[in-house]
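Each chain is listed here by its residues.
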Amino acid sequence: MLNIIFKTINSRSPKIILLALCLLASIISARADTIRILAIGNSFSEDAVEQNLREICASQGIGVEIGNLFIPACTLDIHYDNLVKNNHAYSYRRITSEGKKTVQENVSLESVLKSEEWDYISFQQGSKDSGIFSTFTVLGDLLRRVRIIVGHRPVFCWHSTWAYAPSSTHAGFEAYGRNELQMYHDIISTTRKVLRKFPQIKILIPSGTAVQNARTAIVAGRDLTRDGYHLELTVGRYVAACTWYEALFHGQFNENVFCPKTVTPQVGALAREAAIEAVRNPFSITPLPVAGGF
């Protein structure tokens, strides 16, 4: 599009030149108003940001572009090693403000950090280690190296993920005695330590608490996962996306808020309330009224 505009500007017609300049100005203005969010993550960031976050933001009048650096089950150690060695190890999922999604394979972390002027960059631990602070030894070095690359502009965020479901067969669940609440409380304890030790992290995205809030209102034994640890594709992912929106923008959801067609209005309202309460009280579970429709 920009190439076409620049060719048009070279036209000899003053009216065409003026029209092209106006179009170029509108494009530049739209890009300037777009918020750019990058998740350095794994399948849990895939669950949280790739499905509903852009639509929620757009419905609330906020244009966002979203990037997710994806490696399944990726830990902080692996992210750090990939950055130091410039490994081309990621699947880079990018969603434009218009909703176009592209996937680029074999991408390096450094190249993506340099590809945009990011406004927010999130970090997270691999889910099995999310409540074990002794596995966070490289986080400080990772934050420092990323900051050197991206400069002062982006705000660093911590994505605090969710506990596995009681029925989960994930091998990492053993470290928490295969107890959902034990895992949740260990994640919360670890998150507190992360925020105390690394003040350069300015925003907490408490998806785990939002999921736990929503679980208090689930009927018929549903736990918001599809396999015991990844989020259920409709309500579960919607809860996480609402949490990201609320944590980053502190917006009051208006009546035009996006809700997937597969989620009933009653359950959608509950999901948003779970997110609002999680951002308000990120270190404790807020019980919500039981709702059907899941």
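Residues numbered from 1 in each chain as written. Predicted model: local features only at pLDDT ≥ 70, side-chain atom pairs only at ≥ 80, totals over all residues. Heavy atoms only, no water.

Quick notes on the sheet that holds strand β6 (residues 155-159)
Pairing between the strands of a sheet is mediated by backbone hydrogen bonds and can be parallel or antiparallel. Taken in spatial order, the seven strands make up an open sheet running β4-β3-β2-β1-β5-β6-β7, and their pairing is mixed. Looking along the sheet, the strands with just one partner apiece sit at the ends: β4 (101-108) and β7 (201-205). Mean inter-strand twist for the sheet, computed between neighbouring axes without regard to direction, equals 25 degrees. In the sheet, β6 pairs with β7 via four bridges, with the strands oriented parallel. Bridging across to β7, W158 finds its partner in L204. (Pairing = 2+ DSSP bridges. Helix = DSSP H or I, 4+ residues; strand = E, 2+ residues; numbered from the N terminus. Axes fitted to C-alpha atoms, helices over the stretch in contact; angles between N-to-C directions.)

A short note on the packing of aromatic side chains
Using the criterion set out here, one finds nine aromatic pairs in the structure. When the ring centre of F70 is taken as reference, the NZ or CZ atom of R93 above it lies at 4.0 Å. The positively charged end of R192 is found above the aromatic ring belonging to F283, 4.2 Å away from the centroid. (Phe/Tyr/Trp six-rings, centres within 6.5 Å; stacked < 30°, edge-to-face > 60°. Lys NZ or Arg CZ within 6 Å of the ring centre and 35° of its normal.)

A look at the packing of helix α10 (residues 235-249) against helix α11 (residues 265-280)
The N-to-C vectors of α10 and α11 enclose an angle of 45 degrees; their axes lie 8 Å apart at closest approach. With respect to α11, the element α10 is oriented oblique. Considering how the two elements wind past one another, α10 and α11 form a crossing that is right-handed. Residues V235, Y238, V239, C242, T243, E246 and A247 of α10 touch α11, and the partners they reach there are V267, G268, A271, R272, A275, I276 and V279. (Parallel < 35°, antiparallel > 145°, perpendicular 65-115°, else oblique. Left-handed = near helix turned anticlockwise from the far one by under 90°. Contact = heavy atoms within 4.5 Å.)

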